[in-house]
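Chains, contacts and geometry: an overview
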Amino acid sequence: MKPAMETAAEENTEQSQERKGCFECCIKCLGGVPYASLVATILCFSGVALFCGCGHVALAGTVAILEQHFSTNTSDHALLSEVIQLMQYVIYGIASFFFLYGIILLAEGFYTTSAVKELHGEFKTTACGRCISGMFVFLTYVLGVAWLGVFGFSAVPVFMFYNIWSTCEVIKSPQTNGTSGVEQICVDVRQYGIIPWNAFPGKICGSALENICNTNEFYMSYHLFIVACAGAGATVIALLIYMMATTYNYAVLKFKSREDCCTKF
């Protein structure tokens, strides 16, 4: 038989736990949320969605502009059309991959954060768990470097469209001297290497160039490429956050595994 004082103390403890109950549970759960990984996942999904969606439509608009104005012969831009079509398929793959990878990294962040904060009991982290966490660190670093290249590549069409747009603004400016001066202002897309030098006409001048800048295809493609470039930049930032979060979690898991105080991952 337990003494009356111990029984009363246990009853008081149970009552106090019941009173705290939901609040402590919520605080405990919120303590195990990997906020860095959560922010990175939202940023990654947003950036990849902008890059893939806007990039896909912008590439289609670019082909339309080239076919209608800069390369009327289909054989001249056949290779470019195939490359752009391939890039559009690659965009589908990138969107699918990062959707799954973002979810996996977020789940890994939940597990490692819970292990680091010891929310699930006193079990040792396994070598397999640390190996998987280290693999995510390495893969995230590789993807971060790759997306730096994607970000730089996505700035190329923005630069090209900006040059065309700025040339059109020069044509519209009142400082242009007469019609003859306007017709001498040209844009030759062949110098960018996207169509061969024997493509016809390849170069557009004067009022014809101004009309191209006023078309919906040019306006939409230009702004969509800007948004796609911004999306690629947001994805790079998200991967940098992932790098820091996964590296920190892996380092703490490895350190705590030596002290026999970490939970199972």
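Everything quoted here is computed from the prediction, not taken from an experiment.

**What about the nonpolar core?**
Ranked by size, the top nonpolar core spans 48 residues in total, and within it Phe70, Phe98, Trp147, Phe161, Ile164, Val189 and Leu209 carry the most contacts. Breaking this core down by element, the ones donating at least two residues are helix H2 (35-70), helix H3 (78-116), helix H4 (127-172), helix H6 (206-213) and helix H7 (216-257). Every residue in contact with Leu209, bar those within four places of it in the chain, is listed here: Ile164, Thr167, Cys168, Ile171, Ile185, Cys186, Val187 and Ile204.

**Some points on the side chain of Thr41**
Mapped onto the secondary structure, Thr41 falls in helix H2. Those residues in contact with Thr41, other than ones at most four positions away along the chain, are Gly102, Leu106 and Tyr242.

**Re the pattern of salt bridges**
This model, assessed by the stated rule, comprises one salt bridge. Between Arg190 and Asp188 there is a salt bridge; the shortest N-O distance is 2.9 Å. Judged by relative accessible area, Arg190 falls into the buried class, the value being 16%.

**Describing the state of the cysteines**
Here the structure, examined in full by the defined rule, presents two disulfides. Between the sulfur atoms of Cys168 and its disulfide mate Cys213 the distance is 1.8 Å. With the S-S dihedral at roughly 65°, the linkage between Cys168 and Cys213 falls on the right-handed side. Separated by 45 residues along the polypeptide, Cys168 in helix H4 and Cys213 in helix H6 bring together distant segments of the chain. Assigned by exposure class, Cys168 and Cys213 land together as buried. Two residues, Cys186 and Cys205, share a disulfide whose sulfurs are 1.8 Å apart. Across the S-S bond of Cys186 and Cys205 the torsion is about 105°, and the bridge reads as right-handed. Taken together, the positions of Cys186 in strand S1 (residues 186-188) and Cys205 in strand S2 (residues 203-205) put the pair 19 residues apart, joining distant regions of the chain. Taking only the cysteines that form disulfides and numbering them from first to last, the chain has the pattern 1-4, 2-3. Here Cys44 is not disulfide-linked; the sulfur of Cys52 is the nearest cysteine sulfur, at 9.8 Å. Using a relative accessible area of 1% as the deciding quantity, one classes Cys44 as buried.

Cut-offs used in this document
Residue indices follow the written sequence of each chain, beginning from 1 at its first position. Given that this is a predicted model, residues contribute local features only at a pLDDT of at least 70 and side-chain atom pairs are listed and counted only at 80 or more, while totals for whole chains, interfaces and linings are drawn from all residues. Side-chain calculation: all heavy atoms of the structure are included, whereas hydrogens and water are not. To form a nonpolar core, buried Ala, Val, Leu, Ile, Met, Phe, Trp, Tyr and Cys residues must be joined to one another through side-chain atoms within 4.5 Å. Residue exposure (1.4 Å probe, protein chains only): buried if accessible area is under 20% of the type maximum, exposed if over 50%, otherwise partly exposed. A run of DSSP states H or I qualifies as a helix once it reaches four residues; a run of E qualifies as a strand once it reaches two. Both are numbered from the N-terminal end. Residues count as neighbours in contact if any of their non-hydrogen atoms are within 4.5 Å of one another. One side-chain nitrogen of Lys or Arg within 4 Å of one carboxyl oxygen of Asp or Glu is enough to make a salt bridge. In this description, the term disulfide denotes a pair of cysteine sulfurs within 2.5 Å.

Fair warning: the whole summary comes from geometry, so function is off the table for now.
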